[in-house]
Amino acid sequence: MTTPALPRSAARWALFALAIGSFGIGMTEFVVMGLLPEIARELTPGVYADDPEAAIAQAGWLITLYAAGVVVGAPTIAGTVAKYPRHRVMVFLALALTVFTALTLVLPTFELVAVSRFLAGLPHGAYFGIGALVAADVLGPGKRAQGVAFVLTGLTIANVVGVPLGTFLGQQFGWRAAFLVVAVIFAAATIAIAVTVPHHAGEPSRTLRAELRVFRIGQVWFALGIGAVGFGGFFAVYSYIATLVTEAAGSPQWVVPIVLVVAGLGMTTGNLVGGRLADRDLRRSLVGGLVALAVVQALLALSAGSIIAVGVFVFLVGFFSAALSPTIQTRLMDVAGDNQSIAAALNHSALNMGNAMGAALGGAVIAAGLGFVAPVWVGVVLALGGLVIAVASFSVETRVGRRSSATAR
């Protein structure tokens, strides 16, 4: 079901409102990584006094629990709310993000903050998934991927501006200051969505049970595999940029934030370009993006001794990985049939699985003594794995199409 065509200015205001929320999600997901020492020092003072590394490792569970919330919440929430008007659902999800972030801000103990982080992850996938459906419809036919990309732009810009700013505030005024900013952003998104996003009907006949039938569709599993494995290649690199800069390239610590900003700029640019390319030819965009991601990661590994080369190729890694995001999202929406809400949200479950897998494998090869460049080679392997899954998906789809045509004759 579609919403009537909007004037261009009204459509852009609606997309901007949705992007504010995705900016907040980008901050709340990634700012924790730069504030683990501060969080550990306050929430686990006894452990931190005895063993700072153990306390920081314990604080790292806040990242894991958020990702777990995304994986659990994306299909269950999206499937449950599919029957309700989508503009109201988006207001509800933005409000939930506001409340759960505020809980992180005020709760006093590590255990309670950990629960709040899991809760904050629950609306993440549904917000992006249902927001992608609304955005695709707002822009109209032929611009679906561009609408998805516009919403995701908030997430990529957060890596350029929001995360560095939140990290700075957290270091200067305490880690809770960063979450205060995030809570305010979510509150602003709630108001903006309520005011600017037009009526967008849900599907009254849809139930969670009906939406879960999406898992019977083989092409959905292919698309999820592309996201989890192929995009996992990006996280294998991104998770260990700091050691790549300081250990492999031999640069001082202050260079790390600069390289992170460069990666964020690549992601922001790639996201917008990827949306346009996917609207033109989704198959070529997906296959070409995975090939390019594997190539630039290999070049990064081979030239990691030069900080200039690291900067250039980190930008390109961010560019091609972000270009894949709206492409994979749109692919899921294309193959899901009537199960649009849950399929669009599942993309973020897959990406968070990729986050966990890429980071874990990258850490494993470092722990195995293979060096600080080894995670980049893990990224190459995962990108190629995603490429294999994509080629298999399109091959199966083509074969099935030919059989259907032959049967129709």
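Residues numbered from 1 in each chain as written. Predicted model: local features only at pLDDT ≥ 70, side-chain atom pairs only at ≥ 80, totals over all residues. Heavy atoms only, no water.

*Asks:* Teacher, can you tell me more about the overall build of the protein here?
*Replies:* A count of helical and extended segments in the protein gives 18 helices and zero strands. Considering only intrachain contacts with a sequence separation of at least 6, the fraction spanning at least 24 residues in the protein is 84%. Approximately 16600 Å² of the protein is accessible, and the part contributed by carbon and sulfur atoms is 69%. (Helix = DSSP H or I, 4+ residues; strand = E, 2+ residues; numbered from the N terminus. Contact = heavy atoms within 4.5 Å. Areas by Shrake-Rupley, 256 points an atom, 1.4 Å probe, with all protein chains shown as cover.)

*Asks:* Help me out: how do you make sense of the packing of aromatic side chains in this one?
*Replies:* The relative placement of two aromatic rings is captured by the distance of their centres and the angle of their planes. With the rule as written, the count across this model stands at eight aromatic pairs. Here the aromatic rings of W175 and F179 are separated by 5.7 Å at their centres, their planes lie at 85°, and the arrangement is edge-to-face. A residue pair is termed a helical-turn pair when its members lie 3 or 4 positions apart in one helix, as W175 and F179 do in helix α9 (residues 175-196) at four residues. Residue F179 is classed as buried on the basis of its relative accessible area of 1%. Taken together, F231, F234, F235 and Y238 form an aromatic cluster joined through their ring pairs. (Phe/Tyr/Trp six-rings, centres within 6.5 Å; stacked < 30°, edge-to-face > 60°. Buried < 20%, exposed > 50% of the residue type's maximum accessible area, 1.4 Å probe, protein only.)

*Asks:* Explain the packing of helix α15 (residues 282-302) against helix α16 (residues 307-335) here, please?
*Replies:* Any two packed helices are characterised by the angle at which their axes cross and by the distance between the axes. Where α15 meets α16, the axes come as close as 9 Å, and the angle between the chain directions of the two elements is 155°. Between α15 and α16, the angle falls in the class roughly antiparallel. Judged by the twist between their axes, the crossing of α15 over α16 is left-handed. For the contact of α15 with α16, a count of residues per class yields 16 nonpolar, six polar and two charged. (Axes fitted to C-alpha atoms, helices over the stretch in contact; angles between N-to-C directions. Parallel < 35°, antiparallel > 145°, perpendicular 65-115°, else oblique. Left-handed = near helix turned anticlockwise from the far one by under 90°. Nonpolar A, V, L, I, M, F, W, Y, C, P; charged D, E, K, R; others polar.)

*Asks:* What's the story with the environment of G289 in this structure? I'm lost.
*Replies:* With respect to the helices and strands, the residue G289 is situated in helix α15. G289 sits in the buried class, given a relative accessible area of 9%. Sequence separation between G289 and A383 is 94 residues; the distance between their C-alpha atoms is 9.4 Å.

*Asks:* What's the story with the side chain of E29 in this structure? I'm lost.
*Replies:* In this fold, E29 is placed in helix α1 (residues 8-34). For the buried E29, no salt bridge exists, and the shortest N-O distance to an oppositely charged side chain is 8.2 Å, to R117. For E29, the contacting residues outside a window of four places in its chain are Y66, R117, H124, L155, N352 and N355. (Lys, Arg positive; Asp, Glu negative; His and termini not counted. Salt bridge = Lys/Arg side-chain N within 4 Å of Asp/Glu carboxyl O.)

*Asks:* Is there a simple way to think about the pattern of salt bridges in this case?
*Replies:* Should the charged atoms of two oppositely charged side chains come close, the side chains can pair. This model, assessed by the stated rule, comprises four salt bridges. For R284, the salt bridge is made with D281, and the minimal N-O distance between the two is 3.6 Å. Take D281: its relative accessible area is 30%, and that puts it in the partly exposed class. The salt bridge involving R331 is made with E397; its shortest N-O contact spans 3.3 Å. Residue R331 is found in helix α16, and its partner E397 is found in helix α18 (residues 374-408); the two are separated by 66 residues along the sequence. Using a relative accessible area of 6% as the deciding quantity, one classes R331 as buried. One connected set of salt bridges, linked through shared partners, spans R283, R331 and E397.

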